[in-house]
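Topology and contacts: notes
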Amino acid sequence: MAEGRGSDERPGSSSSSAVTSHGEGEAAGDYSARMEELFDDENELEEGFGDDCDDEAFVYDGVDAERVAVANYQQQLRAVLEKDDSDDNSRSPPYDVASPKPVEVGDAALQQWHGQLSPEASPVSSPPPTMVVHDDLPSEDRLRAVVHPPQPFVHPSVSRLRSVPPPSPAQSTNFGLPPDSLTPTGRHSPLSHASNISRVSSPLRHDGELTVDGETFRWTSLQTATSQLFGRRQSKAALLLGASNLGSPTVLAANGLICVGTDAGRILVFDFKQTLLCMCGNDSASRIGPVSALALSHDHTYVASGHESGYVQLFNLKHPHSPVRTIAPAPLPLVLSGKQEGHLAGSCIVDVAFVAGRHTAIISADEYGLAFYHNLGKILFVEASDTIRILGNYPQSGPTEGSSLQFRSFRRWRLRNPVLSMEALPLGTAPHPTDAYQLVAMLTPSKLIVVGMRPTPKTWLKHLREGTPDSTASDRYCGTLAWFPSIKANEGKKNDVGESTSPVIAYSWGKIIQLMRVSETKIKQVVTSSRTGKKREIEVGALVFQNCKKWVADDAVLALQWLNMNQLVVFTAVSLLVYDVRTTDALEHVPFDTSTLLPRIPKHTNHRDPESIGDIAHAVRTHKGKIFLLKRSQLQVGTLSTWADKILSCVERGDFLKAIDITRAYYTGEAPGNRNGLPDDPEERTTVLQNKLHELMVASARYVFSEDRMTDGTHFSPDGRGVDRTFIFEGLVVTCARACIAMSNYDFLFEELFQYFDNSGISQIYLGQLEAFVLDGTIRSIPPWITQRLVALHDGSGRLDLAERIIWHIEPTCLDINQAIRLCQANELWDALIYIYTRALHDYVSPIVELLPLIRKTLAFRQQTNRTSRTDPMVKLILAESHWMSGEAHVAMKDIYHFVFNGRSAIWPPQGGSLILTSDDSGTEPTYPYARLLLRFDAESFLHCLDLAFESSFFNDDDESHDVSRLWIVTILSDIISDSNLTPFDITFVNIFIARNVPKYSQDIRQPPSILQNLLISLATSMDASTREDRQLAAEYLLSVYNPNDSVFIMKLFEDAGFHRILQRWHRQERRWPQLLQSYLDDSALGPLNLFMSVDEVLALSMRGNNMTVPSSMIQKLTGALGPLLQSNMRLTAILIDKFAPALHQTALDTIGPADRRKQYEYLVYLFDPQTQLDEEDNILLHRPDLPNIDKSLQRLFVTLQCHFAPPDVIDTLDRMRNHVDWSSVEQICEENRAYGAVLWAMSQRGFTQSALLKAAAFEKRLTFDIVQTLTTSDSATTDVGDYLSSLLEIGRRGTTMCLEQSAASGLTEVILEDIWFQLLSSQLQSIHTVSTLQTSGLNDAQDAARTTVLSTLRGLVQETFASFVSISSTQAVSFPRIFKRLVDPGLYTGSSSGTPYTEFRTILTSMLESYRTDEDMLVISKHLLSRDVFDTVEEYTKEKLRGWSASHSICTYCHNSLLRSDIRDGQTDTRLVISRSAIYHKQCAS
């Protein structure tokens, strides 16, 4: 969009005011430099925090030498932010690792950046800063909101006088709301139809979770030091010519100086400017092995080193070429004999440290769990070292001749007691009593040990490890610790006074991180003088260890260091975390690959040994808030980004809006991450952030509206087309508004920022974004000149709906009353007009006067068109006015009621007003004209609001001047309906209103019994069906305080009116059970379940007074209601009748009628089939039918119907009724209905197996004849063949089942098994023979296909029978040859015209053999597959086992010499090796 200056100004302002505010010659567009000034005073805060005893300053001046050239804007911005780089642009300065000064952004730097961006300052055209677009900024094109109006203005969708929501016809008649007048919540929109608010375009602000971009840690590669540490190795020729072999880095120490040990035994010492100060050691240092541990003294003058060979050396940095003291490893024989203490030869030193501030007091620990204290003193100028073992045990077995330590015992000893970490308590910036003890903390896999070296060595603490949630075995060997010394409690503040803090030790086992505070207490002790023998009491110091915090990390902790007194930096395998020790919360959590860190001794690290997994603690150090990392290829230093760094990171990207948002988040306490650099005191922090936030907004506004930025190249694309930069201005308004809301200070938002937009002619953008905050209620108070512009903006564009919405959401005192009233009156914005009158002017009568003419027009429109006017919804809003006034002054409410219920027309306003009429010019004014008019317009809504108003405390005022009461209003309403032309619908609602309020306010509304009697009659005689439930509820209210005299007459009226709920309560009280039952049956409001529950309850109650039998009158009522009950729920009806009147089952079946046999069957199913009674709805009657009590005729009828509708279920039914059934009649019924399987089952259950098989043969013969008859008849349907075939299959399988049962019980029955099997098979073969001998010449295609299907099915049935027979043919009672011989007898098959029994047997037996052969093949295939898979798996396992595991290095784990070495004794190469637990040894070392 085009951006320029406009002439649209606020009254009293001038267009030059914005220009003047910038100042003469001030470069307002230099935004990044302005940021530098804003954070100027942060330098003072951080400079006061540090170690005062160190001489060197900790200043961060370096730039990254590896940085790749980026956009010119970023280069220019960095030139401003990094001041020291401007001194020498021709080369990259050396890196400085000192404490970084916070980057400061101020007006001077702002001018500098503006000079760089301006054409005069730079001859080369450079692109301007990139403006970052955020998704959370509003856009007029894609972000819209539907704003819900204030709740008091919502028209009630359901009247309080209703018992249920009114039906749609009545509602549409009274309301007539258009479809688009509903909000998304389903409520009626409070807008008048004239305003016609739709889903208008409005900015939507997403105030989601704030994410802070940029790096959490600022990492810098120390290029100068890296090039010397990781540079190219010296060639062999160079080494021969005398060049020094520095080796590769192995370990790091950084506290005041940067010390790096190498595998050549050398130590390189750098200062924080990366200047190589010295190299400790000489060319002969490689003979004592690589440096494996390193420590720098407190005063930065001495370095102690531990080596892989077991040596410990002490160097003076003034004379670094040779060590001032060397502690050689002790020979094992001397150690075992007790003549010497010290590390054993070949023991790798894993930790070394100086004790307190001494140079000659050193502690060291090796990989085998031994720790020593070395006191390197002198006696008469002769070195006299004293070594004390403070942890660990030597191996018990001694060396053998020509070998070192015994492998087996040494190995077990080493794995059980490693030292995971060891550190001495350093001196802090404040003295503390614990300093005198010279404490040393040591961590093993099982315990934490703290030893004091002064005044005498003493173990002060042994803290055993508790159970931990370690997920892997390697976590057991993950442990580390770090001390934080004593400092002043308020260190870093201006008034640096106060007590010192106690030292804290942080230690971890696996995932558990714990803190322990150490302090001293004085105890009294009685001692005896050795010289005099006297006893005296002295105070002796004792250390107290207090557990402070404990928490669990996500992964095992590999290294931890103190970043400052409140923050711990923790390394896991995949992440880097910063914990706040005060809350144990993870302030920062960033991914970090610890595999990039340098292992302790790369070529000696066994990656399969649990002890060496994640051993990176030696490569991580912290000092004064800086993290030093020794990586595989470089040396890095990192700084935790402070709040200012995060803001400046946004500035560097040109994202000034995000910078404001982040500052606001810090102000409100919602910002994620750390709060380093901010004051701890909340009030001081709020003051600092509030000032910075205001200055950020000012600088951002100046930059956005600066002349250079308004005309720079960002407004045009490379091809010359314009670019819409509207989002910059929109985001500025939204961001500043959020900031001002957070600070509760809107001066900048409404004064300066608006003036910028107004002077530039783009105030519409400002108003559009501000509107969103107004509509959601975030900002309610706006200066009048902005309110005028907002209303005028929508008025001028014709969007009156938006103007009306603005009026609703602004505080009335901020409105231009004259402008708003004229707008509402001219455009009929009635809801907004009501709001202005009531909330701004506190005038509650004028809105009624304004709307009375509209109500008259609406009533006239109804009479002419006989339909609801479109303006009805908005006019109804005034009816709720008395409810709105519930919290206002009673005087105003009194004026409302006096006006609305005035007995005649009134003059308004009282002084100089006119007479307010309700009738036409020719008509006469009735009494109570305004109340009548409102009742005629919408009685339900008016009375609804009046019902709400009755609850106000206004009516409880006992003041004598208070002449408005509930009784007064009810009396007026009674007078109105007695002589008015209101519709019956309106009169009904007046009666409902009175009936419901009389019992609610019985102490105020006292009516004579005659009026209450007439009120009941009126409610009962109304013919409006839509209000029946409302009238019934009102009658219930009234009956709670009034007992009618003529109850019989009233009861009759209630019956005619359908007030069943009242009747039911009345009949229950009078114990009139038949009438109560009839009332339930007539009540259409009851659902089916409630109806049956009610009927069940009434029948149960009627039995209590009739010897627990149902009275005959109730039986008659129930009999007459069978039809509706069956139609409502047949299942519940059947259960209800069986529970109370079983004799009515036949009557119920007759009611259903013989024509609908399906429903009769369903009815009986509920009695005989318990599976259908498991539904939840059946449990409501708490009854299950009892089969013995059911009439036998019903049983026979059920079996008959089940044979017809569900033949497969007949056998289950007979099984359930076996003890209560007439078997002969049941068998006859089943046979008549062709349920042959049920007949055979019934005969078998009675023990007539042979008779059942004879019956089965007869059934098969009959069915076979039916099949043949169907196939040979030309006009018969072949579909019947399927039914006959299914019956044959059922008979055959049922016969097989009976034969198997008899065979299983052969010893208990007199049946000849061979005969019954022969009978079963012969009948089946007879059926096959009959069908197979059928002549096919006269059959059509369908008949021939059906014949083939029948033969294949029957042959399959015979195969099944033969398979069952073969399974029991091994018994002596059955002989397969005899059966076979009898079955192939030709005389068995009479009437055969062709074929022999052998033909059928051959076909059947061939199929059986094929089936058996197929099963055999499948078993063989499965066996081969299984055997092959198992063989392959075992073979692969054997190969892997024989292959073994490769060692991770080519040296012996014990002696650390090459695996392939020359044997001195015989001159041969000894290749005998032993591999154990992923480690490799020489044969002699393992022996």
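To start, this report covers the structure provided alongside it. (Residues numbered from 1 in each chain as written. Predicted model: local features only at pLDDT ≥ 70, side-chain atom pairs only at ≥ 80, totals over all residues. Heavy atoms only, no water.)

1. Notes on the overall build of the protein chain
Inclusion rule: In this text, helices come from DSSP runs of H or I with a minimum length of four residues, and strands from runs of E with a minimum of two, each type numbered from the N-terminal end. The buried label applies to any residue whose accessible area, calculated with a 1.4 Å probe on protein chains only, is under 20% of its type's maximum; exposed applies above 50%, and partly exposed to all values in between. The contact criterion used throughout is that any non-hydrogen atoms of two residues lie within 4.5 Å. Accessible surface area values rest on a Shrake-Rupley calculation with a 1.4 Å probe, where residue burial reflects the displayed protein chains alone.
When you go through the protein chain residue by residue, the secondary structure sums to 50 helices and 34 strands. In the protein chain, buried positions account for 51% of the 1487 residues. Long-range contacts, defined here as pairs at least 24 residues apart, represent 64% of the contacts in the protein chain between residues at least 6 apart. Accessible surface, the protein chain as shown: approximately 69600 Å² in total, 51% of it carbon and sulfur.

2. Observations regarding the packing of aromatic side chains
We count it as follows: Classification of ring pairs uses Phe, Tyr and Trp, with its six-membered ring standing for Trp, and accepts pairs whose centres are within 6.5 Å; under 30 degrees between planes counts as stacked, over 60 as edge-to-face, and the remaining range as tilted.
Applying the stated rule across the entire model yields 35 aromatic pairs. Geometrically, the ring pair formed by Phe-372 and Tyr-394 is tilted, given 6.4 Å between the ring centres and 35° between the ring planes. Of this pair, Phe-372 sits in strand β12 (residues 371-379) while Tyr-394 sits in the loop between β13 (382-391) and α10 (407-416); the two residues are 22 residues apart in sequence, bridging distant segments of the chain. You can call Phe-372 buried: its relative accessible area is 0%.

3. Quick notes on the nonpolar core
Heads up, the condition is: Here the nonpolar core consists of buried residues drawn from Ala, Val, Leu, Ile, Met, Phe, Trp, Tyr and Cys, with membership extended through side-chain atoms lying within 4.5 Å.
Of all hydrophobic cores here, the largest spans 99 residues; its most connected members are Leu-1136, Tyr-1163, Leu-1164, Phe-1168, Leu-1214 and Cys-1230. If we ignore the near neighbours within four places in the chain, the residues touching Tyr-1163 are Leu-1126, Met-1130, Ala-1134, Ile-1137, His-1145, Ala-1148, Leu-1149 and Ile-1152.

4. Structural notes on the pairing of strand β2 (residues 249-254)
As a reminder of what qualifies: Think of it this way: DSSP has to see at least two bridges between two strands before they count as a pair.
Burial of β2 is extensive: six of the six residues sit out of reach of the surface. The pairing of β2 with strand β3 (residues 258-262) spans five bridges and is antiparallel. Residue pairing across strands places Pro-249 opposite Thr-262, the latter belonging to β3. Hairpin geometry of β2 and β3 is characterised by an intervening segment of three residues between the two adjacent antiparallel strands and by a positive phi of about 105° at Gly-256.

5. Looking at the environment of Phe-1365
Tracing the backbone through its elements, the reader meets Phe-1365 in helix α47 (residues 1341-1368). Separated by 66 residues in the primary sequence, Phe-1365 and Cys-1299 place their C-alpha atoms 8.7 Å from one another.

6. Quick word on helix α21 (residues 830-840)
Among the eleven residues of α21, nine are classified as buried, and the element is accordingly described as predominantly covered. Turning to α21, its buried residues are Trp-830, Asp-831, Ala-832, Leu-833, Ile-834, Tyr-835, Ile-836, Tyr-837 and Thr-838. His-842 occupies a position one or two residues after α21 and carries a positive phi of about 55°.

7. Some remarks on the sheet that holds strand β15 (residues 439-443)
Either a parallel or an antiparallel arrangement is found when strands of a sheet pair, and the pairing is made through backbone hydrogen bonds. To keep it simple, the criterion reads: Each axis is a line fitted through C-alpha atoms, and for a helix only the stretch in contact is used; angles between axes span 0 to 180 degrees, taken between their N-to-C directions.
Strand order in the open sheet formed by four strands is β14-β15-β16-β17, and the pairing between neighbours is antiparallel. At either end of the open sheet lies a strand with only one pairing partner, and these are β14 (421-424) and β17 (458-464). Taken pair by pair, the neighbouring strands of this sheet meet at an average axis angle of 15°, ignoring direction. Sheet topology places β15 next to strand β16 (residues 447-452); five bridges connect them, and they run antiparallel. Following the sheet pairing, Leu-443 is matched in β16 by Leu-448.

8. Let's talk about the sheet that holds strand β8 (residues 312-316)
As summarised here, the arrangement of the four strands in space is β6-β7-β8-β9, forming an open sheet in which the pairing is antiparallel. In this open sheet, the two strands that pair with only one neighbour each are β6 (291-296) and β9 (325-327). Sheet twist, expressed as the average angle between the axes of neighbouring strands with direction ignored, equals 15°. In terms of strand pairing, β8 meets β9 through three bridges, oriented antiparallel. Note on β9: the bridge partner recorded for Leu-314 is Arg-325.

9. Considerations on the packing of helix α39 (residues 1157-1168) against helix α40 (residues 1192-1205)
Here is the rule we go by: The scheme is simple: roughly parallel for angles under 35 degrees, roughly antiparallel for over 145, roughly perpendicular for 65 to 115, oblique for anything else. A crossing counts as left-handed when the near helix is turned anticlockwise from the far one by less than a right angle, and as right-handed when that turn is clockwise. The residue classification treats Ala, Val, Leu, Ile, Met, Phe, Trp, Tyr, Cys and Pro as nonpolar and Asp, Glu, Lys and Arg as charged. All others, Gly included, are polar.
Direction vectors running N to C along α39 and α40 enclose 120°, while the axes themselves pass 9 Å from each other. With respect to α40, the axis of α39 lies oblique. Crossing of α39 against α40: the hand is left-handed. Contacts between α39 and α40 involve Arg-1157, Arg-1158, Gln-1160, Tyr-1161, Leu-1164, Val-1165 and Phe-1168 on the former and, on the latter, Leu-1194, Gln-1195, Leu-1197, Phe-1198, Thr-1200, Leu-1201, Gln-1202 and Phe-1205. Among the residues forming the contact of α39 with α40, the class breakdown is nine nonpolar, four polar and two charged.

10. So, a nonpolar patch on the surface
Let me state the cut-off plainly: Only residues whose relative accessible area exceeds 30% and that form no salt bridge are eligible for patches; like-charged ones are grouped when within 9 Å, while nonpolar side chains (Val, Leu, Ile, Met, Phe, Trp, Tyr) are grouped when within 5 Å. Every case where a carboxyl oxygen of Asp or Glu lies within 4 Å of a side-chain nitrogen of Lys or Arg is listed as a salt bridge.
A cluster of nonpolar side chains, contributed by Ile-907, Leu-915 and Leu-917, occupies part of the molecular surface with about 250 Å² of accessible area. Residue placement: Leu-915 occurs in strand β30 (residues 914-915).

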